[in-house]
Structures are given as C-alpha cells and as structure tokens.
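The residues making up each chain are set out below.
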Amino acid sequence: MSITFPDPLRIADGTYLIRPLGQAPGAPVAMHVNSLVIQGAEPVIVDTNARLLREPWAEQVFSLVEPQDVKWIFLSHDDTDHAGNLDFVLERCPNATLVTSWFASERMAGEMELPLDRQRWIGNGESFDAGDRTFVAVRPPTWDSPTTRGLYDTKTGVYWSSDAFGTPVLGLVDDVAEMPAEMLAETCMAFSSMLSPWHEVVDPAKLGRWVDRVAELAPSVIVGAHGPQLTGTSIGLALERMRMLPDMPVAPLPDQGVLDQLLSMLQPA
Ligand SMILES: [Fe+2]
Ligand SMILES: [Fe+2]
C-alpha cells in the first residue's frame, strides 16, 4: 500500500482537510482516510486517523494548530481509521476534551485507557459550544459503527459525515465534482453499500428521513473520511442518491479469487 500526504485543503474559513490517500499495488483506485482541523476560538481535531499513519498525520495537524491550543477532539466513531491516534492526541493536547459517547468509550476500553474526566458524551442530535460557534452531532444516513455521529459546524456550515458520502478516487482531486460523473455515480453507491450493507432490509421512507436530517442542515460543504469534499450541486445529488440506496443491490466484495490473484502478483517469477 502506498500512502501519499497531499497538502491539507482549506475547505472553509479556518477549516482544513487532512487527506492522506492510499493505493494498493496494481489497484485502479485510491482511497482517502481524512480528518479535519477546525481553528477558531476553541480549536477542534475531528477524528484522529490510523495508528500506522501517526507521524505524517500529526505533522500536518500540528502545523495547523498548536497542541496546547486544541480544546476539543471530536471522535465520530471508534473504528481504527478514526480512533487510531486518540490516546496519542490526548497526550499531546493536554487541554483538550474528548467528545465521544458512552458506547464508543466502552468499545475502546480494551484498546486504550481513556480518562473519564476528559470526556464529554454527546449523542445524536446533541450539541456543544466551542466559544465562537456551536457544533451539532448529527448521525449520517450510512455508517459502519453504531456509535457514529457526524459533526455540523453552525459557523461555517461544514458537515463532517464520518464514513458516509465517500467514494474511491482515480487520483487526488479537491472536489468530488472534478471526478468523472459516470464513475462517481457507480463508485459512491458501491461505497455506501459496502459501508452499510443493511440497506437491503431498510424501508426507503425511513432512510429518507435520515437523509432529510442532513438536508435540513443545508450544509455548505459535506466531507467525510473517505472521499473528496462535496460542494454546490454535488450535495443535492449525493443526498438524492442516498435516498435510492435501499433499492440498490448489495455491492459485491473482493473474494478469495481476488486474493489468489494478488498473491500470484506478489510471487517472484
Ligand atoms: Fe467506520
Ligand atoms: Fe472510516
């Protein structure tokens, strides 16, 4: 797997996307593992990336905010590509409070020791004040951990969608609108299906109400961990596609045949 660390992308006032991009040897597409830095009266780190990427990730994050200035660490959920550096960030940022939930904290208990007196438990629909703005935790329509909450910044209108609204990419782009439209139509649906294969048993009207919750935020930007940012007309299009997910077939995953192929590629001739 080759990982590149493009320069952080400014997506709104004081809001930067850290956007490492990974590509397996011979793979036709690459995948992001993003997180956010939000400067402001009380700076926030949104998700903490993967343990294996700690050094270059921390270098970019702390080029945008001084560790002692970080006031909040928002954890969208407890998967390893989001919580991989959580204990490290808590140690580096002694003035930061971890915004998580009871269940996420419980699920990480075997992995790391999280001080209770540095946590704040914020459930879906709840908010917290960060000095010059309020943040609202809003669960995205698709997710792969029951602890998932996205984060809406009421000052900039940026909505962090956690794993939702992702897509593999052919290479680095700043905005999903730069991707070939036909490819995006397929890859974003396949990604949503892989993330939430339970869509096949979901009532479209009920999932639609979850999509409504994000639409009602009227976000200026939607961005999550696994794709480029969505702006302008891409947002409405993505929301409409999300509504169609329950009627889609579940996306097939690479199987043993693919693994055999990969292994044969790795074997010396
Ligand atoms: Fe996840
Ligand atoms: Fe993820």
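See above for the structure.
Residues numbered from 1 in each chain as written. Chains lettered and ligands numbered in written order. Predicted model: local features only at pLDDT ≥ 70, side-chain atom pairs only at ≥ 80, totals over all residues. Heavy atoms only, no water.

Things to note about the coordination of the iron ion (ligand 2)
Angles at a metal have ideal values that depend on geometry: 109.5 degrees with four tetrahedral donors, 90 or 180 degrees with six octahedral donors. Note the threshold: Distances decide who is a donor: an N, O or S atom must be within 2.8 Å of the metal, or within 3.2 Å for Na, K and Ca. Water is not included, so sites may look incomplete.
The protein atoms donating to the iron ion (ligand 2) are D81 (OD), H82 (NE2), D163 (OD) and H226 (NE2), with metal-donor distances spanning 2.1 to 2.3 Å. One chain supplies every donor to the iron ion (ligand 2), and in sequence these donors are spaced D-H-x80-D-x62-H.

A word on helix α7 (residues 233-244)
Threshold: Numbering goes from the N terminus for both helices and strands, where a helix is a DSSP run of H or I of at least four residues and a strand is a run of E of at least two. Given the number of residues in a helix, its expected span is that number minus one, multiplied by 1.5 Å. Categorising residues by exposure relies on relative accessible area from a 1.4 Å probe, with only protein chains included: less than 20% of the type maximum marks a residue as buried, more than 50% marks it as exposed, and the intermediate range marks it as partly exposed. This arc describes the spread of directions from the helix axis toward the C-beta atoms. Residue contacts are defined here by distance: any two heavy atoms, one from each residue, within 4.5 Å place the two residues in contact.
Between the first and last C-alpha of α7 there are 17 Å, a value that for twelve residues agrees with the 16 Å anticipated at 1.5 Å per step. Of all the positions in α7, only S234, I235, A238, L239, R241 and M242 are classed as buried. Projected onto a plane normal to the axis of α7, the buried residues spread over an arc of 160° and lie on a single side. Lining the buried residues of α7 we find α5 (181-195), α6 (204-217), β15 (221-223) and β16 (230-231).

Digging into the coordination of the iron ion (ligand 1)
Taken together, the protein ligands of the iron ion (ligand 1) are H77 (NE2), D79 (OD), D144 (OD), D144 (OD) and D163 (OD), with distances of 2.0 to 2.6 Å. Counting residues between consecutive donors of the iron ion (ligand 1) along the chain gives the motif H-x1-D-x64-D-x18-D. Distance-wise, the iron ion (ligand 2) is placed 3.6 Å from the iron ion (ligand 1), both being coordinated by D163. Taken together, the positions of H77 in the loop between β8 (72-74) and α2 (80-83) and D163 in the loop between β14 (158-160) and α5 put the pair 86 residues apart, joining distant regions of the chain. Both residues of the pair, H77 and D163, belong to the buried class.

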